[in-house]
Structure formats: C-alpha cells, structure tokens
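Here are the chains, one letter per residue:
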Amino acid sequence: MTVLPADGLSLAAEFPDPSHDQWQSLVEGVLRKSGKEVTGTAAEEALSTALGDGLTARPLYTSDDVSADPGLPGFAPFTRGSKAAGSIAGGWDVRQRHALTDPVRLNEAVLGDLENGVTSLWLAVGGPGGVPATGLARALEGVYLDLAPVSLDAGSDFEPAVRELTALYEARGIAKSAARGSLGADPLGHAARTGGEPDLTAAVHWARLCGREYPGLRTLAVDALPYHEAGGSAAQELGLSLATGVAYLRALTEAGASVEEACAQLEFRYAATADQFLTIAKLRAARRLWARVAEVCGSAAAGAQQQHAVTSPVMMTRRDPWVNMLRTTLACLGAGVGGADSVTVLPFDHALGLPDAFARRIARNTSTILMEESHLARVIDPAGGSWYVERLTDELAAAAWSFFQEVERAGGQAAALRSGMVEERLAGTWAARSKDLARRKEPVTGVSEFPTLTERPVEREPHPAPAAGGLPKVRRDEAFEALRTRSDRHLAATGSRPKVFLAALGPASVHTARASFAANLFVAGGIEPVHEPASVDAATAAGAFTASGATIACLCSSDAMYAEQADAVAGALASAGALQVLLAGRPGEYPSVDGHVFAGCDVVAVLSSVLDCMGVA
C-alpha cells in the first residue's frame, strides 16, 4: 500500500515537463487529419483567430506571455480595479435605463425596478424619447433620492434637467453632500450623435459647482457608446473615449480646476459585448490608459476611472430576440469580471421598441443572479493572472493608445469629429466587419445561424424617432434583417414565403449534412426550404420541383454524387422551370449549375440575388 506524503500529493510530480514544440507537434497531427499540412508556428497560426484592431487570439498562452505587473486594486495603474475592494464590496451598481416621455408611466417603471433589485436610475430627459425636464419631479415621486443615485442623459436639455434635479434635491431636503449620481453632460458625445457643434460652457460651469457643493455628483459622462454604435472596434472605442476625456480635462483645468478635481467629475461609459474576454480586457485596458493620462498630467493617483458598462445595442437582434437574454448575460458577466462600477443590462426587446415589465425584470435579474447566485462579486479581478486576458489587455491598450495619439495629432476629439475623420475610420471598420457577418465568419445565432421562419414576432411600442444627423447606428443583424423584411412583405402580399426546392441526391447518409446546411442558409434570408421527397434523381426531380411550388432549386449531396448526377438533375430542374439551380458545395465543373452556396461564401449577396431572381421586391 502506498502511503501519501503528509503534505499531500503532487499530481504532476511523476510526469515530464512538455515543451511548446511537443505541443505544436501534436497540433500538426490533428491538422494533418483534417487535410492541412502545416508545421511549426504555422500550425499554431492555423488555429488562431483574428479579433480586429490587428489583434489575434492564439490557441495557447503560457507563462512566457506574462505581461508587466498590473499592480493591485485601488492603486495605479488601476488595471485590476479603481477601488481597493472593487466589486467585492456589495457587487456593482445595477443601473437601469428608462426612456419614457410620460412622467406617470416613468414613475411606475422606476418604482417597480427599485423595489426589485435596481440600485440606480439612468433617465433619458428631453429630446424625442425622454421625459420633459419639467416632469422629473413627477417621475421621481416616491424615490428616495439620497439612497437611489440618479444619472441623467439629457443631451441638449442638460441645463434645464440639472436645474430641475437640483431643485428637487432642495425641495425634498436632501443635503448637497448626500446627492449621488451623474448629471451626464457629454457635449462631444452629443455632437457625435447629432452632428452639432459641441459647447462645453454649461458642463464646465456645473462641474465647478458640483466640485464645490455636490461631492457625490459627477457632471461629465465620457460616453463611448456613439462610437461603438457606429461600428467602431474596441480599440477605437477606447481611443476616442481617451480623446474625449482629455478634452474635458483640458477644459476643466483651464477653468481653474486641479487635475484631481477634474478627474473626479468624469464617468466613463463603455459597451459590454457577448465576447466576454474582449469586454474584460477592454475595461481593464481603459483603466490603465486613463491612469497613464493622469500620470502624464502630474497626478497618477487621480486616474482611478469610474466606469459604467452598458450591454451592447449593436449585438441586439430583432429576430429571435429571446437569444438576446443570453448575449446580455455574457456581456454582464464580462463587465462584472472586468471591474465595471455600474452595469446597465439592456432588456432583450431593446431593438424592437420600448421594453415591457417582463423584459426589464429579466434585465435587472441578470445582475442579481451573477452577483448573488454565481458569486461573481466575491473576488476582485477574477480574470487577473490569466495569461490570455493579461496579454489581450496589453495588446488592446497599445492599439487604443496608438489610435488616441492619431486623434490628438488630428487636433483632438472635436476636430476629428468635425473633419469627418472619426466617421471615416469607424465606417472602414464596420465595412470590414460587415463582410465577416455576411460570410457568417461572425455568426449571429437566430439570425444568420439557426434561424426560424415560424417564430411569432415580438411586438413592442416603437421607440420615438431619434434626431437626425451625427454618426450612424449599426446592428449586426441589419443585412439579414433587410432580407427577412423582403420575405415578410412577400408573405403579406401573396400568402406564402418565397421557396427553394432542396434536390437531395442519394441516401440520407450522403446528403443530410449539405441539405441541413442549405436549409439553414436559405431560412436566414426568409426563404422556405422544401425538402420533399427526401431524395430525387434525374427521372423524378422535375415532378418533385413542380409539386414544391418553388422557383429556385438547390442540389444537396456529396462531391462524389455530384460527379455522377449533378448535371443531369440540374438540367431536369431547369427544364421544369427552375429560374436558378444552385449547388451546396464548392464551385466545380457543373455546366448546368448556375451558382454555389458553401461555408464562407457571401451569404447576404447570394440570398439577395436569389430573392431578386424570384421577383421578391
């Protein structure tokens, strides 16, 4: 009988230390089985993933990838958290956004949220979608303003909204020292959204006043969401937030504030996406970068960035919106692990219109479950020490700093917006990403992958039309949504969906994989696949096609079966009136075939062409 040592068993003690080259050799063997003859570093590169911004996620990270010491929470460079206790002290602030024009409805929603887990409010004020500034008192009736921080999003109505809120504090006897929240002034962000010229005068005035009289209020919001919503990458979002923060820092210090006083008036807002690792690294990199700005300005200790993370509007889909609950859960997890001070989870129906009570409940409970049941807030910076996360944080910070310097060389944030440089760079990034979306290299579950034509649409009261001008707003689902809308209109006009006949050749074991692939692809464009009978040949294809009611056909089978039957079956389908005969598989020598659908093809272009051929307007 073997007796274990008193200090336990070292599970790796009897095993030799493998080398990186040995691991690469194993990878080469796996790739060789899949038909890829690559060796050495090329084998590792074959498994790497491009992330944008010139960054790459490698398949393996080791202790050789250890970065510089990130420090400790609460100390510069604040990579591991702006506060010593971080989110471990009670978790993050659960901040719910409300955009209702009726003060009575808004009050009902606000009270319901505060009674069920929300800890602060984010209110749209003024403009086409916000409550009027004069309605704030009614909207906040029954709210304990010394317990529930209020953050405003007032745009051009900033001054009347702030006057109304501060008057409300006074009327209710709230001590100035007890007021908490953010006034949300963001002249540069508002200019980005509307195309107007930024005016920092009012923001600077209120920042100086709050610095003296309202120590718990932050005046300025450095909102990076306009750049994220315009299609910007993570590094661009960070770089533009830095440029905006520096512009506000300059304005405040020129007005007489110290660096410490100016930094205390800023709150930074970032998008959290379902890419949890990129979200974690982005928030960590943002704190490090702002700490560097504060250090250059002579006060490294002032660089503890206050962060508000919002789940990405760009990732929210209109089709199969229930999947958005999963996306926002991952985004919220990334924000919490990344160290955000406040997190707003957008309701799953955000892309469809004004959320209902159920959607708001699920949104706020997302944070509650992650904090209370998953115990996510029990450890500070739980991703810290991960070789991948640390390396990604470093690389993202470097890319963001480079873009920030480019904006500064262009004259700063205001000048870069005015010249069109920002819009041009973001548009270029989105154009490249759109190609990946169209080819499904970046899949959108429920939209470009695993869609369904039979789902009942979720209907909501629409959002008020936003103000015209400024940077565009994009969504990952927009190209496929346009295709599905064409199909919906065809259904409304004719009573049926546009159809494609799946001409499967050979037994199920041969054609099922490509038939399933083709069906999934066509449904993404709102085209109903008809796969009846299960298999056809040159003699039966024409009759089956006519019975299907389709106008387009797609051959589905193996390459070997195509070599035997593709041309003959395609000819029979064309003789039966098929406007187009496509083939599921890579292009080959099939004269009777009009086109191909395959993994990596431009799905949006193919589906658009098919709908055009069908006469679907």
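In what follows, the accompanying structure is described. Please read these numbers as outputs of a predicted model, since none were measured by experiment.

Calculation criteria
- Residues numbered from 1 in each chain as written.
- Predicted model: local features only at pLDDT ≥ 70, side-chain atom pairs only at ≥ 80, totals over all residues.
- Heavy atoms only, no water.
- Helix = DSSP H or I, 4+ residues; strand = E, 2+ residues; numbered from the N terminus.
- Rg over C-alpha atoms; globule rule 2.2 N^0.38 Å.
- Buried < 20%, exposed > 50% of the residue type's maximum accessible area, 1.4 Å probe, protein only.
- Contact = heavy atoms within 4.5 Å.
- Arc of directions from axis to C-beta.
- Pairing = 2+ DSSP bridges.
- Axes fitted to C-alpha atoms, helices over the stretch in contact; angles between N-to-C directions.
- Polar contact = N/O pair within 3.5 Å; in protein donor to acceptor, adjacent residues only side chain to side chain.
- Core = buried A, V, L, I, M, F, W, Y, C linked by side-chain atoms within 4.5 Å.
- Phe/Tyr/Trp six-rings, centres within 6.5 Å; stacked < 30°, edge-to-face > 60°.
- Salt bridge = Lys/Arg side-chain N within 4 Å of Asp/Glu carboxyl O.

Summing up its helical and strand segments, the chain has 21 helices and 15 strands in all. Relative to the globule expectation of 25 Å for 617 residues, the C-alpha radius of gyration of the chain, 28 Å, shows essentially globular dimensions. Counting all 617 residues of the chain, 50% fall into the buried class. In the chain, once contacts between residues fewer than 6 apart in sequence are set aside, the share between residues at least 24 apart is 77%.

Let's shift gears to helix H19 (residues 541–548). Buried within H19 are the following residues: Ala541, Ala544, Phe545 and Ser548. End-on view of H19: buried residues confined to an arc of 100°, all on one side of the axis. Seen from the open side of H19, the exposed residues pointing more than 90 degrees away from its buried face are Thr546 and Ala547. Packed against the buried residues of H19 are strand S11 (499–504), strand S12 (528–530), strand S13 (552–556) and helix H20 (559–575).

This part covers the sheet that holds strand S15 (residues 595–597). Taken in spatial order, the five strands make up an open sheet running S12-S11-S13-S14-S15, and their pairing is parallel. The sheet terminates laterally at S12 and S15, the two strands that pair on one side only. Taken pair by pair, the neighbouring strands of this sheet meet at an average axis angle of 30°, ignoring direction. Two strands pair when backbone bridges link them, and S11 and S13 are joined in this way by five bridges, in the parallel orientation. Residue Phe501 lies in a different strand from S13, and its bridge partner there is Ala553. Here H19 sits on the sheet in contact with S11, S12 and S13, set at roughly 155° to S11. Contacts between H20 and the sheet are confined to S11, S13 and strand S14 (580–584), with S13 contributing the most and set at about 170° to the helix.

Our focus in this paragraph is the side chain of Asn107. In this structure, Asn107 sits in helix H3 (residues 103–114). Under the relative-accessibility criterion, Asn107 is labelled buried at 8%. Within the structure, Asn107 has its side chain in polar contact with the backbone oxygen of Ala139 (distance 2.9 Å). Side-chain polar atoms of Asn107 contact the backbone oxygen of Glu141, separated by 2.7 Å. Not counting chain neighbours up to four residues away, the residues in contact with Asn107 comprise Arg138, Ala139, Leu140 and Glu141.

Okay, the nonpolar core next. Ranked by internal contacts, the top residues of the largest apolar core, which has 118 residues, are Leu123, Val125, Leu140 and Trp290. Looking at this core, the element that brings in the most residues is helix H9 (residues 234–254), giving 12 residues. Beyond its immediate chain neighbours, meaning those up to four positions away, Trp290 contacts Leu242, Gly245, Val246, Leu249, Cys263, Leu266, Phe268, Gly303 and Gln305.

Attention now moves to the packing of aromatic side chains. Considering all chains together, one arrives at 10 aromatic pairs under this definition. Ring centres of Phe268 and Trp290 lie 4.8 Å apart, and the angle between their planes is 55°; this geometry places the pair in the tilted category. Taken together, the residues Phe268 in strand S8 (residues 266–272) and Trp290 in helix H11 (residues 276–296) connect sequence positions 22 residues apart. On the basis of relative accessible area, Trp290 is assigned to the buried category, the value being 2%. With centroids separated by 5.4 Å and ring planes inclined at 65°, the aromatic side chains of Phe277 and Tyr388 adopt a geometry described as edge-to-face. With Phe277 in helix H11 and Tyr388 in helix H14 (residues 387–409), the pair connects residues that are 111 residues apart, well separated along the chain. For Tyr388, a relative accessible area of 19% puts it in the buried group. Through a chain of ring-to-ring contacts, three or more aromatic side chains come together here, namely Tyr61, Phe277 and Tyr388.

On to helix H6 (residues 187–194). Turning to H6, its buried residues number three or more, namely Pro187, Leu188, Gly189, Ala191 and Ala192. Those residues of H6 that are buried are in contact with strand S6 (181–185), helix H7 (201–213), strand S7 (217–223), helix H8 (225–229), H9 and helix H15 (413–419). Looking one or two residues beyond H6, the residue adopting positive phi is Gly195, at roughly 85°.

Our next topic: the pattern of salt bridges. The full count for this structure, using the stated rule, is 41 salt bridges. A salt bridge links Asp488 to Arg319; its shortest N-O distance comes to 2.7 Å. Of this pair, Asp488 sits in helix H17 (residues 478–494) while Arg319 sits in the loop between strand S9 (307–311) and helix H12 (324–338), and the two are 169 residues apart along the sequence. We classify Asp488 as partly exposed; its relative accessible area is 26%. In this structure Arg319 comes out as buried when scored by relative accessible area, which is 13%.

Overall, parallel pairing links the eight strands, which are arranged S3-S4-S5-S6-S7-S8-S9-S10 in a closed barrel. Strand-to-strand twist across the sheet, computed as the mean angle between neighbouring axes with direction ignored, equals 30°. The pairing of strand S5 (residues 150–153) with S6 spans two bridges and is parallel. From the neighbouring strand, Val150 faces S6, where its bridge partner is Gly181. Where H7 meets the sheet, its contacts fall on S6 and S7, and the angle it forms with S7 comes to roughly 140°. Sitting on the sheet, helix H13 (residues 357–373) touches strand S3 (93–98) and strand S10 (342–344), and the angle it makes with S3 is about 170°.

Backbone torsion omega between Ala76 and Pro77 reads 10°, so that peptide bond is classified as cis. Looking at the secondary structure, you find Pro77 in the loop between strand S2 (55–57) and S3. Phi at Phe78 takes a positive value of approximately 65°, unusual for a residue other than glycine. In this fold, Phe78 is placed in the loop between S2 and S3. The class of Phe78 is buried, set by a relative accessible area of 3%. We note that His375 has phi near 60°; this positive angle belongs to a residue other than glycine. Mapped onto the secondary structure, His375 falls in the loop between H13 and H14.

Our next topic: the environment of Val94. Following the sequence through the fold, Val94 ends up in strand S3. The exposure class of Val94 is buried, given its relative accessible area of 4%. Distance in space between the C-alpha atoms of Val94 and Thr344 is 6.3 Å, their sequence separation being 250 residues. Sequence-distant contacts of Val94, that is, excluding residues within four places in its chain, are made with Gly117, Val118, Thr119, Ser120, Val343, Arg364, Ser367 and Met371.

By themselves these figures say nothing about function.
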